[in-house]
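Each chain is listed here by its residues.
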Amino acid sequence: MSTPTRPSDYLIPKTISVFKEGYSWDRLKRDAVSGLTVAMVAIPLSMAIAKASGASPDRGLVTAIIGGFLISLLGGSRFQIGGPAGAFIVVVASIIERQGYDGLLMATIMAGLAMIVFGMFRLGSYIKYIPHPVLVGFTAGIAMIIFSSQIVDLFGLTLAGREPAALVPKLTAIFHALNTISPSAIIISLFSAVVILSLRKFKPHWPGFLVAIALASLLSIIISPFGFSVETIGTRFGGIPNSLPMPQIPITSSERLLSLIPDAATIAFLGAIESLLSAVVADGMTGRRHRSNMELIAQGVANIGTALFGGICATGTIARTATNVRAGGTSPVAGMIHSLVLLLLILFAAPLASYIPLASLGAILAIVSWNMAERAEFISILKRSWPDAAILLATFLLTIFRDLTEGIAVGVILSAFIFMHRMAEATRVNGVEITEPLSTDADTITYRMEGPLFFGVASEIVEVLDRINESPKRFILDCSSVPLLDITGAHSLKAIIDHLHKKGTDVIFKNTNEQIRIALKQYGVLEHGARIET
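Reading the values: the criteria
Residues numbered from 1 in each chain as written. Predicted model: local features only at pLDDT ≥ 70, side-chain atom pairs only at ≥ 80, totals over all residues. Heavy atoms only, no water. Helix = DSSP H or I, 4+ residues; strand = E, 2+ residues; numbered from the N terminus. Buried < 20%, exposed > 50% of the residue type's maximum accessible area, 1.4 Å probe, protein only. Contact = heavy atoms within 4.5 Å. Areas by Shrake-Rupley, 256 points an atom, 1.4 Å probe, with all protein chains shown as cover. Lys, Arg positive; Asp, Glu negative; His and termini not counted. Charge placed at Lys NZ, Arg CZ, Asp CG, Glu CD. Salt bridge = Lys/Arg side-chain N within 4 Å of Asp/Glu carboxyl O. Phe/Tyr/Trp six-rings, centres within 6.5 Å; stacked < 30°, edge-to-face > 60°. Lys NZ or Arg CZ within 6 Å of the ring centre and 35° of its normal. Axes fitted to C-alpha atoms, helices over the stretch in contact; angles between N-to-C directions. Parallel < 35°, antiparallel > 145°, perpendicular 65-115°, else oblique. Left-handed = near helix turned anticlockwise from the far one by under 90°. Nonpolar A, V, L, I, M, F, W, Y, C, P; charged D, E, K, R; others polar. Core = buried A, V, L, I, M, F, W, Y, C linked by side-chain atoms within 4.5 Å. pLDDT = per-residue confidence, 0-100. Polar contact = N/O pair within 3.5 Å; in protein donor to acceptor, adjacent residues only side chain to side chain. Patch = residues over 30% accessible without salt bridge, like charges linked within 9 Å, V, L, I, M, F, W, Y side chains within 5 Å.

Caption draft 1: Focus on the overall build of the chain. Counting its secondary structure elements, the chain contains 23 helices and 8 strands. The principal-axis extents of the C-alpha atoms in the chain amount to approximately 75 × 55 × 55 Å. Per-residue burial for the chain yields a buried fraction of 56% across its 534 residues. For the chain, the share of sequence-separated contacts (at least 6 apart) that also reach a separation of at least 24 residues comes to 82%. Carbon and sulfur atoms form 65% of the exposed surface of the chain, whose accessible area is close to 23,000 Å². Of the charged side chains in the chain, 41 are positive and 37 negative; the average position of the first set lies 5 Å away from that of the second.

Now the structure itself:
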């Protein structure tokens, strides 16, 4: 194991770093407000995700309580909020369908052990090399799968048997059940969606999901005497227990363990990607740097702990983490408070959850899936470059119709082949290097970049931000030694340009070859406040 050379490599939880800095009463108050705000978002989402995964809603709350607390306590991010994630819905549903719930718990424990190993051997640094079109295609595919999983509850359909996990059989079963549409479910679904979208527009700081399920529960009670029967958590699952289950290790055999290895690998891989992406989003919003390998170790411990208490897979969640940042959270304490609030809900308010309509939870996840799909970026990639479009579509279609890990694997391999083809056409291939400033004064900073700017070096481009503490009038990038720019490198350049543009800095590309000039225009880099100077 190599010796850590950068702070981001250190295997030290951010909680320790925060308390070493000095944790004040003012920070505790800010974290308490943020933790409570995130909990209001996590309550309906956790139950909805668990229900969509084929588990009971209380399993989602257990995951947010145990997994969320451990991820915040041990993680490498100051702002990460852990819990059940929408990206896991299709994975969890498939495992439960094939292996049963005990199989899911055992696979989650195995995945947790794998993630701890990933972190100990400092493999977290490699997750960020997944190309941008692969991530967009994968996210869009997951969003479509999540939406399709909510159609039954949105329309109150009654299927002839168990709802299939795979998309095509699921849609077939839904088609055959269209004659069972429930007007009550449609009323609740539309009402919930209108409440959420209205609050998002007129009262964006209100917990829209929580308000929606509260009002939808009240509406279902009001319309019930008029012959509108509404399926609720109570009628389908018997309510929510008012205590945490006792931890226990699933009993299994060596043969069963071998059969669970592919499922454990899927959970570990997806959990690592999802959590580190969430941490990167938080970094971009705050200017902080997370410790990717410590984050993986925390994710591993959290999944083991969650499985022992009977929860589903836990990971860092982008929506709740972003909510934490926007609500003013300053440290992992906010995430721990969020979990404690959820625990108090189970202990003292569990009976109220029985009245929540399933159609309302379906509306929440339908809106979540719509927001997950990066529609503008998806269309933009399709228009800008046919090789990147091929990567995007391969990942997207395989995620939907085959398997999400297969979609990611094929997307990455296809990206590698396309990259090798581009490198063969480049006139010169060097390792990327961003030099120290060639010249610097009060008004201008100049950097020279050397080598191809592709997906494998996107993170190194972003690290330029760490060296720029001034706010010069001009920031010049000398591209005389850059033979190639791809979409992921361009995406990183946009982040730098946006950052500098907000400071009032003029970004200038100099000495660009024809390919770089075309790429800067094709990938929309110049739309972010930069220009090319000859």
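There's plenty left to go through after this.
Caption draft 2: Focus on the pattern of salt bridges. Counting across every chain of the model gives 7 salt bridges. The residue arginine 531 makes a salt bridge to aspartate 506 at a minimum N-O spacing of 2.8 Å. With arginine 531 in strand S8 (residues 530-533) and aspartate 506 in strand S7 (residues 506-510), the pair connects residues that are 25 residues apart, well separated along the chain. When its relative accessible area of 35% is taken as the criterion, arginine 531 is described as partly exposed. Where glutamate 533 meets lysine 510, a salt bridge forms, and the shortest distance between an N and an O atom there is 4.0 Å. Residue glutamate 533 is located in strand S8, and its partner lysine 510 is located in strand S7; the two are separated by 23 residues in the primary sequence. Linked by salt bridges that have partners in common, Asp506, Lys510, Arg531 and Glu533 make up one network.

Caption draft 3: Focus on the packing of aromatic side chains. A complete count under the given rule lists 2 aromatic pairs for this structure. Summarising the aromatic geometry, the rings of phenylalanine 19 and tyrosine 23 are spaced 5.1 Å apart at their centres and angled 50 degrees between planes, so their arrangement reads as tilted. For phenylalanine 19, a relative accessible area of 46% translates into the label partly exposed. By relative accessible area, which is 21% here, tyrosine 23 ends up partly exposed. Each ring, one from phenylalanine 378 and one from phenylalanine 396, has its centre 5.2 Å from the other, and the planes form 75 degrees; the classification is edge-to-face. In this pair, phenylalanine 378 sits in helix H17 (residues 375-384) while phenylalanine 396 sits in helix H18 (residues 386-401), placing the two residues 18 residues apart along the sequence. Under the relative-accessibility criterion, phenylalanine 396 is labelled buried at 13%. The residue whose ring lies beneath arginine 375 is tryptophan 370, and the NZ or CZ to ring-centre distance is 4.0 Å.

Caption draft 4: Spatial organisation of the environment of lysine 503. Here lysine 503 shows up in the loop between helix H22 (487-502) and S7. Lysine 503 sits 31 residues away from proline 472 along the chain, and the two C-alpha atoms are 8.5 Å apart.

Caption draft 5: Focus on the packing of helix H3 (residues 57-74) against helix H13 (residues 292-308). Where H3 meets H13, the axes come as close as 8 Å, and the angle between the chain directions of the two elements is 155 degrees. As the angle between them shows, H3 and H13 are arranged roughly antiparallel. When the axes of H3 and H13 are compared, the crossing they make is right-handed. Contacts between H3 and H13 involve Thr63, Ile66, Gly67, Leu70, Ile71 and Leu74 from the first element and Met294, Glu295, Ala298, Gln299, Val301, Ala302, Gly305 and Thr306 from the second. Grouping the constituent residues of the contact of H3 with H13 by class yields 8 nonpolar, 5 polar and 1 charged.

Caption draft 6: Spotlight on unusual backbone geometry. Even without a glycine there, the phi angle at arginine 122 is positive, about 55 degrees. Along the chain, arginine 122 turns up in the loop between helix H4 (89-120) and helix H5 (124-127).

Caption draft 7: Quick look at the nonpolar core. Grouped together as the largest cluster of nonpolar side chains are 80 residues, with contacts concentrated most on Leu104, Ile267 and Leu365. Among the elements that take part in this core, H4 stands out by supplying 15 residues, more than any other. Sequence-distant contacts of leucine 365, defined by excluding residues within four places in its chain, comprise Leu45, Ala48, Ile49, Ala52, Ile89, Ile146 and Gln150. Grouped together as the second largest cluster of nonpolar side chains are 31 residues, Leu392, Phe396, Met449 and Ile516 included.

Caption draft 8: Summary view of the confidence of the model for the chain. Residues of the chain with pLDDT of at least 70 account for 90%, and the chain-wide mean is 83. For the stretch residues 1-5, pLDDT sits under 50, and the model shows 7 contacts to residues farther than four places along the chain or on other chains. Here residues 426-436 is modelled with pLDDT under 50, and outside its nearest four sequence neighbours on either side it reaches 30 contacts, counting other chains as well.

Caption draft 9: The arrangement of the side chain of threonine 315 in detail. Mapped onto the fold, threonine 315 is located in strand S2 (residues 315-316). For threonine 315, the side chain forms a polar contact with the main-chain oxygen of glycine 271, separated by 3.1 Å. Among all residues touching threonine 315, those that are not within four sequence positions of it are Ile71, Ile81, Gly82, Gly83, Ala85, Phe88, Gly271, Glu274, Ser275 and Gln299.

Caption draft 10: View of a nonpolar patch on the surface. Judged by side-chain polarity, Ile187, Leu215, Leu218, Ile222, Phe226 and Phe228 come together as a nonpolar surface patch covering roughly 560 Å² of accessible area. No other element matches helix H10 (residues 208-223), which puts 3 residues into the nonpolar patch. Relative to the assigned elements, isoleucine 222 resides in helix H10. Relative accessible area serves as the criterion here: at 47%, isoleucine 222 is assigned to the partly exposed category.

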